[in-house]
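Now for the letters of each chain:
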Amino acid sequence: MNIIRIRAIWTAWLLALMVPAAANAQGHSPSFSVQAAAGPTIVETGYTVSVAAGFSPWSRVTFLLDVQRTEQNPRITRIDTPEYSSVSTFRGGTMTAVSGEMRVGLFPASRWTPYVLTGFGRGISHPTVNADFPKAVENQTRFIFFGAGVHVPVREHLSVFGDIRLLVGAEGTHADGMMAMCPIRLGMAWRF
């Protein structure tokens, strides 16, 4: 699949999500938000923290520009049985990235609502350096992500949210490595 076709599919998908939201946005004035979130990663242990600036042109749609830092712990698993022995390793490391995200809620942001999210990003990763992985490496990363969450208003301009997302992408100068991570995040948003 070439890059032009992929972009056309993404554009059509985004328009399909935004047109119904625009039709239902009667009485809503556009707003901005500042958000912060943190939480653990699952599958491979670690954590993620992020800050984001958002723009909501309609009551159910928010576009975010996000800066995130994710740390995943290295893992070495050894299995020794009478029949065989094996060693499985995961290097872990730190990724710092910038991403663009779109969230679409079922209900307006003035009440609790489940939402879906999707986006893409780029960043730099620094795999762990220790006795098992002695060589320092810096990789370029590119990824897409999708997920779901829930948004709960606390006060007029303050809300909390929680979501789970799956990031998949490529890592390395020539995209020679695959990356995947699954953070679960809790956060706060201030809308103005």
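Predicted, not measured: the structure shown is a model, and the values here were computed from it.

Enquirer: Can you explain the overall build of the protein? Please cite residues and give values.
Expert: What the protein contains, in helices and strands, is 1 helix and 10 strands. Taken across its 192 residues, the protein has 38% of its residues classed as buried. Across the protein, contacts joining residues at least 24 apart in sequence account for 58% of those joining residues at least 6 apart. Surface summary for the protein: the accessible area is close to 11,200 Å², and the carbon and sulfur share equals 66%.

Enquirer: Residue-level account of the packing of aromatic side chains, with values.
Expert: Geometry of an aromatic ring pair is reported as the spacing of the ring centres plus the angle between the planes. Tallied over the entire structure, the rule returns 4 aromatic pairs. Seen in terms of ring centroids, F32 and F55 are 5.1 Å apart; in terms of plane orientation they differ by 45 degrees. Their pairing is tilted. Taken together, the positions of F32 in strand β1 (residues 31-42) and F55 in strand β2 (residues 46-58) put the pair 23 residues apart, joining distant regions of the chain. With relative accessibility at 44%, the residue F32 sits in the partly exposed group.

Enquirer: Which residues make up the sheet that holds β1, and what values go with them?
Expert: With respect to topology, 8 strands assemble into a closed barrel ordered β1-β2-β3-β6-β7-β8-β9-β10, the strand pairing being antiparallel. On average, adjacent strands in this sheet sit at an angle of 25 degrees to one another, irrespective of strand direction. Across 11 bridges, β1 lies against β2 in antiparallel orientation. Paired with F32 across the bridge in β2 is F55.

Enquirer: Help me get a handle on unusual backbone geometry, residues and values and all.
Expert: Backbone geometry places V43, a non-glycine residue, at a positive phi of 75 degrees. Here V43 is to be found in the loop between β1 and β2. On the accessibility criterion, V43 (75% relative accessible area) is exposed.

Enquirer: Explain the side chain of S99 residue by residue, including any values.
Expert: With respect to the element layout, S99 can be found in strand β6 (residues 93-105). The class for S99 is buried, based on a relative accessible area of 2%. Sequence-distant contacts of S99, that is, excluding residues within four places in its chain, are made with L64, L65, D66, Q68, F120, G121, F143 and F145.

Enquirer: Explain the nonpolar core residue by residue, including any values.
Expert: In this structure, A37, M95, A97, Y115, L117, F143, F145, F161, L167, M179, M181 and A189 together form the largest nonpolar core, which totals 12 residues. For this core, the secondary-structure elements that each account for two or more residues are β6, β7 (113-127), β8 (139-153), β9 (158-171) and β10 (177-191). Examining the composition of this core, we find that 3 residues originate from one element, β10, more than from any other. If sequence neighbours within four positions are ignored, F143 has contacts with Q68, M95, A97, S99, F120, G121, R122, L167, V168, G169 and M179.

Enquirer: Could you give me a rundown of the environment of M178, with the residues and numbers involved?
Expert: Residue placement: M178 occurs in strand β10. Overall, M178 belongs to the exposed group, its relative accessible area being 71%. Along the chain, M178 and T141 lie 37 residues apart, while their C-alpha atoms are 9.2 Å from each other. Beyond its immediate chain neighbours, meaning those up to four positions away, M178 contacts G169 and E171.

Enquirer: Hey, could you go over the pairing of β2 for me, with residue numbers and the actual values?
Expert: Where β1 folds back onto β2 in an antiparallel hairpin, the turn is made up of 3 residues, including V43, whose phi is positive at roughly 75 degrees. Pairing between β2 and strand β3 (residues 61-72): 11 bridges, direction antiparallel. The residue bridging V51 from the neighbouring strand is V67, located in β3. Hairpin connection, β2 to β3: the antiparallel pair is bridged by 2 residues.

Scoring rules and cut-offs
Residues numbered from 1 in each chain as written. Predicted model: local features only at pLDDT ≥ 70, side-chain atom pairs only at ≥ 80, totals over all residues. Heavy atoms only, no water. Helix = DSSP H or I, 4+ residues; strand = E, 2+ residues; numbered from the N terminus. Buried < 20%, exposed > 50% of the residue type's maximum accessible area, 1.4 Å probe, protein only. Contact = heavy atoms within 4.5 Å. Areas by Shrake-Rupley, 256 points an atom, 1.4 Å probe, with all protein chains shown as cover. Phe/Tyr/Trp six-rings, centres within 6.5 Å; stacked < 30°, edge-to-face > 60°. Pairing = 2+ DSSP bridges. Axes fitted to C-alpha atoms, helices over the stretch in contact; angles between N-to-C directions. Core = buried A, V, L, I, M, F, W, Y, C linked by side-chain atoms within 4.5 Å.

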